[in-house]
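Observations on chain architecture
Given next are the chains, with one letter for each unit.
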Amino acid sequence: MSTYAQTELHGFITEQNSGNKPVKNVRVSSFSANEIMTNSDGSFILKFQNGFPGINVTLEVKREKWIVISEDKLNLNLPEDPINNKWQLVMCKESIYLARQEEFRTKIRQNIQKEYDNKLKSIDKEKEGWQKKANQLYEDYQQLQKRFNEIAEEYTRTNLDDLNEKEIEAYKLFEEGKFNESIALRESFDSEKNLINAINEQKKAEKEQVKLDSILKAKKKEIAFNKNNLRKLAKEYELQFEFDLAGETLEKLVNADSTDLKSNYDYAYFLAKQNKHQEAIKFYATSLLLNDNEYGKSAVYNNLGLLYKDTQDYGKALMFFTKSLEILELLALKNPKVYEPVLAGTLNNIGGLYHDTKDYSKALSSYTKALEIEERLALKNPEVCEPDLASTLNNIGGLYHDTQDYGRALSSYIKALEILERLALKNQDVYEPDLAGTLNNFGSLYRETKDYGKALSLYTKALEIEERLALKNLDVYEPDLAKTLINLGILYHDTNDYGNALSSYTKALEIVERLALKNQEVYEPVLAITLNNFGSLYRETKDYSKALLSYTKALELRERLALKNPEVYEPDLAKTLINLGILCKDIKDYGNALSLYAKALEIIERLALKNKDVYEPDLVRTLNYLGALYFETKDYGNTILVFTKVLEIRERLALKNPDVYEPALAQVLHNLGLLYYATQDYGKALSLHTQALEIRECLALRNPDVCEPDLASTLHDLGLLYYAIQDYGKALTSYTKALEILERLALKNPEVYEPDLAKTLINLGILYRATKDYSKALSSYTKTLEIEERLALKNPEVCEPDLASTLNSIGVLYYEMNDYKNALKWYYQSLRFYDNLVKKNPVIYKKYFSDVLSNFELVHLKMIENAETFKDKIIVQNQIIAFYEFLVKEYALDYTINLGNSYRTLAWYCLFDKKFEEAEKAAREALNPTKFQKPEGYDEKLEWVNTNLALALLFQGKYKEAEKIYKSLMNKPYEDSTYKTVFLADLEELENAGITHPDVAKIRALLTK
């Protein structure tokens, strides 16, 4: 055989389903071979300059408005005898191909829906286990919905010229949508038995060295027919939801001929789709051994990588992806037009793997390489390549999103969105789902950068698309609709629009609960997420009973899911335990909070031992919550231990990946600073806050939209620290810088930043108060009040506590300014809010209510102290009485003793003002109240008021009545002595004030006898 023949490839091209009609004027080329046009008979001869038999080559075949049907034959090993092994390729006019493809798509989709509905109706709901059957059926339905394009593609590419009469008859039935008839016909061929017989006869003929080509060709044809029939039968079983039969059929193919590459590959692919990962891996491994085609090997390696990635065996996944990549890179050098699209797909898979394992720099490198290829390909062939380009841009956007590089994430999402919007205009059915997904991603980016207006607009557009898609196909698109509703709920939640958040979550919950009834395994995890969101919403609105109910339901689901699949669901279980712990901390149930955090920590520590890269960030978050609990319960020793551990991890992570972990490191330094501030170790607190400030200032320069809020927080807390050490100048500087940032942020997004702005203003006011700059203090407090009143109108549950506190602070300011009238006015307003809060949550707010009452009493004492005459004291004392009467009447509080004592004091002041009748009246009201019921023990505690009543009677000349009181009490114990001592002291004090009466001598003689 000549060298010339050994470096050639002889072939011909025919038109699909035409009776092998030749296709002329087709351009055929290959790397290191000549380019040639097919002749009138469709033939071509390629000459490879440096070729030899067995070398792997890839063909490029092109004619305008035609497509290659037999794509699997574009990659081959050059034959030993090219003349007697002519290579056939099949092409079809693009318009005919697309029309037939859409026809198959429609019929297959309709059949899937019909079969699903019928099988769902056939499930007997009275029998035990019906729910499990329904769940499995729905899961199968969703798998087919995802795969019907792939199956339609396979049937569209079938060339009838390669089939015998039996196969054509079965194909035509399928083409007409008569799927059951097609299956029945294929089953009648008895292909399993005939295949085994044909293989045995072929082996026998080869063993006996039968040289009749006609016999061997006949057997090969018979084998090919039966194999193809069984493969098609398996596909058609799948479309009828007969997955067991499909699997058995594919297994029969492998058993009949274990050396058949395609049979092993097809069975492995089927098993992977059925989530039978280990079995799939086994048959992919066999297909690798049988495969002598480099491109075929790369496909197997890629699929093995996907399988190991799904099972979270990232080491093996990377190994197989890398092997696939190495082959494809070499093939792409030889024939970039054919292999670069596949190469880009593998690079995307590798990028996804690194992304999942948080190796962001390598992920970006892989995604970027894929992007470079796809951008170049999309310029040449936008219709074919732009969908993949949009997908890669979405992946890169997601990566930048996760690393908080929001500017680049925004750029990538915008490019993806532009492509998908253009594609969706041409083909709504195909591209609108991806468009909605990108809008969702885009919305989440704006939500995280707190540009809530744009986030709302994008989520709303996604919602409109998904609602429209769900009307067409509820089962397929309702899950995406629920996801968007959840995202909208989170957005409303973040902007404190709790009414709309509740509405969105409720709509999502209705969908997810319905989906979970159909398919527990798939949708119970989503249901748990939704319940978790409900719990967080109710917790923030302080509806703690509903929060507890929602979190508990989520916990029950996740505990059950974690028992079945701990690797997948234990991380989510830990999150719910943490949320419940936060709730318990909020309601001061510290014992349960500690127990829940400990359970979460045990899970996360175990996961982190297996996979440090993935779970260490979760470990740090859990430790942070635990540290915050210890901090709140003033267990500062444990707080320091926990936060120090967090700091060690954060510092290590930040050294590896500063872009990702420096923000978290700054937060840990900030938290530790707060801890040392609380323990009054101000030196360490200052050092830590300063370190946090340095990091956050750098971050804010690079990414102000994201990092300025944290910078403002550190500046605010530094202000608190400087205030504590009485460095008021630096405190003012820190507060002012924080204020400048927050005022700017609040202009853009008042709903998010006004609460922090109000907090900074109130502390600035406290600083001015401490430095006696009362006008500036009042200005800061007034600005705070304006914000909090506005916020409380929108969200009273959340904002009224801060409003009540600010009103009290204004009262304190006026008190220090000696403006007692205004102090009382603001205290009254504060008290009204705290009264309402105490009724809702007495455990938390009773203390604050009591603090305001104490402030009232301080004002009253000061007013009495400053009163120059007893007339003035009487006026003030009447105000005090009115205050206590208000408390007893309005709040039904047990201030009766205080009120009785206030009347006693009024009686005393009246004596000195010589208003003896009013003194008597006040004393009698104290002893026998007319405005309230005396509580138990009242008479005993108020008995001493009789001393003032006796004096009032004595000075009015009512001697007998006075004498009666003196005699009854004079020898009774009072504190460390007797009432006699008190009586004599009172008489002396009044006489010294010039107040006397002739009967005083008689009473003194009585008392001293």
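In what follows, the structure referred to is the one given above.
Now for a look at the structure at hand. (Residues numbered from 1 in each chain as written. Predicted model: local features only at pLDDT ≥ 70, side-chain atom pairs only at ≥ 80, totals over all residues. Heavy atoms only, no water.)

1. Notes on the sheet that holds strand 8 (residues 87–93)
Read across the open sheet, the 4 strands follow the order 4-1-8-6; overall the sheet is mixed. Lying at the two open borders of the sheet, with one neighbouring strand each, are strand 4 (43–47) and strand 6 (66–68). In this sheet, adjacent strand axes meet at a mean angle of 35 degrees when their direction is disregarded. Pairing analysis gives 5 bridges linking strand 1 (residues 8–15) to strand 8, with the strands arranged parallel. Counted as the bridge partner of Ile13 is Leu89 from strand 8. (Pairing = 2+ DSSP bridges. Helix = DSSP H or I, 4+ residues; strand = E, 2+ residues; numbered from the N terminus. Axes fitted to C-alpha atoms, helices over the stretch in contact; angles between N-to-C directions.)

2. Description of helix 21 (residues 520–540)
With 21 residues, helix 21 should cover 30 Å at 1.5 Å per step; its first-to-last C-alpha distance of 29 Å lies within 8% of that length. Counting buried positions along helix 21 gives 15 out of 21 residues, so the element sits mostly inside the fold. Among the residues trailing helix 21, Lys542 stands out with phi positive, at a value near 65 degrees. (Expected span 1.5 Å × (residues − 1). Buried < 20%, exposed > 50% of the residue type's maximum accessible area, 1.4 Å probe, protein only.)

3. Details of the sheet that holds strand 7 (residues 75–77)
If you trace the 4 strands from one edge of the open sheet to the other, you get 3-2-5-7, paired in antiparallel fashion. Of all the strands in the sheet, just strand 3 (36–37) and strand 7 have a single pairing partner and so form its edges.

4. Concerning the nonpolar core
Soluble globular proteins tend to bury their nonpolar side chains together. Grouped together as the largest cluster of nonpolar side chains are 302 residues, with contacts concentrated most on Ile108, Leu831, Leu911 and Tyr966. Counting residues in each nonpolar core, the second largest holds 19 residues, with Val23, Ala33, Val68 and Leu74 among its members. (Core = buried A, V, L, I, M, F, W, Y, C linked by side-chain atoms within 4.5 Å.)

5. Side note on the pattern of salt bridges
This model, assessed by the stated rule, comprises 62 salt bridges. Across the pair Arg408 and Asp405 runs a salt bridge, and its minimum N-O distance is 2.9 Å. Accessibility expressed as a relative area gives 23% for Asp405, which makes it partly exposed. Among the ionic pairs, Glu963 bridges to Lys967, the shortest N-O distance being 3.5 Å. Taken as a pair, Glu963 and Lys967 lie in helix 41 (residues 959–969) at a separation of 4 residues, close to a single helical turn. (Salt bridge = Lys/Arg side-chain N within 4 Å of Asp/Glu carboxyl O.)

6. A closer look at the packing of helix 15 (residues 382–402) against helix 17 (residues 428–448)
The geometry of a pair of packed helices is captured by two quantities: the angle between their axes and the separation between those axes. Packing of helix 15 against helix 17 leaves a shortest axis separation of 11 Å and a crossing angle of 20 degrees. In terms of orientation, helix 15 lies roughly parallel with respect to helix 17. Here helix 15 runs over helix 17; the crossing is left-handed. Contacts between helix 15 and helix 17 involve Pro387, Asn394 and His401 on the former and, on the latter, Tyr431, Thr438, Asn441, Ser444, Leu445 and Glu448. Considered class by class, the residues forming the contact of helix 15 with helix 17 number 3 nonpolar, 5 polar and 1 charged. (Parallel < 35°, antiparallel > 145°, perpendicular 65-115°, else oblique. Left-handed = near helix turned anticlockwise from the far one by under 90°. Contact = heavy atoms within 4.5 Å. Nonpolar A, V, L, I, M, F, W, Y, C, P; charged D, E, K, R; others polar.)

7. A short note on empty space enclosed by the protein
On inspection of all chains with the given rule, the structure shows 1 cavity of 30 Å³ or more. Each pocket or cavity is described by its volume, and for the largest cavity that value is around 30 Å³. Thr158, Leu163, Glu167, Tyr171, Arg186, Asn228 and Lys232 together form the lining of the largest cavity. Of all the elements in the fold, those that place two or more residues in the lining of the largest cavity are helix 4 (165–175) and helix 7 (213–239). Of the residues assigned to the lining of the largest cavity, the class counts are 2 nonpolar, 2 polar and 3 charged. (1 Å grid on protein atoms, 1.4 Å probe; cavity = no way out; pocket = protein on both sides within 12 Å on 5 of 7 lines; lining within 4 Å. Points joined across faces, edges and corners; volume = space filled by probe spheres on them.)

8. What to know about the packing of helix 12 (residues 314–334) against helix 13 (residues 336–356)
Between helix 12 and helix 13, whose axes approach to 9 Å, the crossing angle comes to 160 degrees. With respect to their mutual orientation, helix 12 and helix 13 come out roughly antiparallel. In terms of crossing hand, the pair formed by helix 12 and helix 13 is left-handed. In terms of residue class, the contact of helix 12 with helix 13 is built from 17 nonpolar, 4 polar and 4 charged.

9. Re the layout of surface pockets
Roughly 620 Å³ of internal volume is contained in the second largest pocket. Every residue lining the second largest pocket is counted, 25 residues in all, and those nearest its centre are Tyr360, Thr403, Asn657, Asp659 and Val660. When residues of the lining of the second largest pocket are traced back to their parent elements, those giving at least two are helix 14 (360–380), helix 15, helix 26 (636–656), helix 27 (658–678), helix 28 (682–702) and helix 29 (704–724). Counting residues per element, the lining of the second largest pocket draws most heavily on helix 27, which supplies 4 residues. Considered class by class, the residues forming the lining of the second largest pocket number 11 nonpolar, 6 polar and 8 charged.

10. Considering helix 31 (residues 750–770)
With 21 residues, helix 31 extends 29 Å from end C-alpha to end C-alpha; this agrees with the ideal 30 Å at 1.5 Å per step. Of the residues trailing helix 31, Lys772 is marked for its positive phi of about 65 degrees.

11. Some details on unusual backbone geometry
In most cases, non-glycine residues show a negative phi, while peptide bonds are predominantly trans. Of note, the phi angle at Asn17 is positive, near 55 degrees, even though the residue is not glycine. For Asn496, which is not glycine, the phi dihedral falls at a positive 60 degrees. Mapped onto the fold, Asn496 is located in the loop between helix 19 (474–494) and helix 20 (498–518). Given the relative accessible area of 28%, Asn496 is considered partly exposed.

12. Quick look at the state of the cysteines
Scanning the entire structure with this criterion turns up 0 disulfides. In this structure Cys698 is a free cysteine whose sulfur lies 10 Å from that of Cys707, the closest cysteine sulfur available. Take Cys698: its relative accessible area is 45%, and that puts it in the partly exposed class. Overall, Cys707 belongs to the buried group, its relative accessible area being 9%. (Disulfide = S-S within 2.5 Å.)

13. Notes on a negative patch on the surface
Together, Asp244, Glu248, Glu251 and Glu279 line one region of the surface with negative charge. With 3 residues, the single largest contributor to the negative patch is helix 8 (residues 243–256). One can find Glu251 in helix 8. (Patch = residues over 30% accessible without salt bridge, like charges linked within 9 Å, V, L, I, M, F, W, Y side chains within 5 Å. Areas by Shrake-Rupley, 256 points an atom, 1.4 Å probe, with all protein chains shown as cover. Lys, Arg positive; Asp, Glu negative; His and termini not counted. Charge placed at Lys NZ, Arg CZ, Asp CG, Glu CD.)

14. Remarks on the packing of aromatic side chains
Going through the model one piece at a time under the given rule, you end up with 40 aromatic pairs. Between Tyr815 and Tyr820, the ring centres sit 5.9 Å apart and the planes meet at 55 degrees, which makes this aromatic pair tilted. Of the two residues examined, Tyr815 and Tyr820, each falls in the buried class. Taken together through their ring pairs, the aromatic side chains of Tyr827, Tyr828, Phe856, Phe883, Tyr884, Phe886 and Tyr895 make up a single cluster. The ring of Tyr155 carries the charged tip of Lys232 above its face, separated from the ring centre by 5.3 Å. Looking at Lys847, its charged tip hangs above the ring of Tyr848, at a distance of 5.5 Å from the centre. (Phe/Tyr/Trp six-rings, centres within 6.5 Å; stacked < 30°, edge-to-face > 60°. Lys NZ or Arg CZ within 6 Å of the ring centre and 35° of its normal.)

15. Side note on the environment of Ile223
Position of Ile223 among the secondary structure elements: in helix 7. Among the residues examined, Ile223 registers a relative accessible area of 9% and is labelled buried. Ile223 sits 29 residues away from Lys252 along the chain, and the two C-alpha atoms are 13 Å apart.

16. Points about the environment of Gln240
Position of Gln240 among the secondary structure elements: in the loop between helix 7 and helix 8. For Gln240, a relative accessible area of 5% gives the class buried. Sequence spacing of Gln240 and Lys114 is 126 residues, and the spatial spacing of their C-alpha atoms is 9.4 Å. Those residues in contact with Gln240, other than ones at most four positions away along the chain, are Asn111, Glu115, Lys119, Phe179, Asn180 and Ile183. A distance of 2.7 Å separates the side chain of Gln240 from the side chain of Asn180, its partner in a polar contact. (Polar contact = N/O pair within 3.5 Å; in protein donor to acceptor, adjacent residues only side chain to side chain.)

17. Describing the pairing of strand 5 (residues 56–62)
Judged by how many residues are buried, strand 5 sits mostly within the fold: 6 of 7 residues are covered. Bridge count for strand 2 (residues 27–30) against strand 5 is 4 bridges, and the pairing is antiparallel. By the bridge assignment for strand 5, Arg27 is matched with Lys62. One ladder, built from 3 bridges, connects strand 5 with strand 7; its direction is antiparallel.

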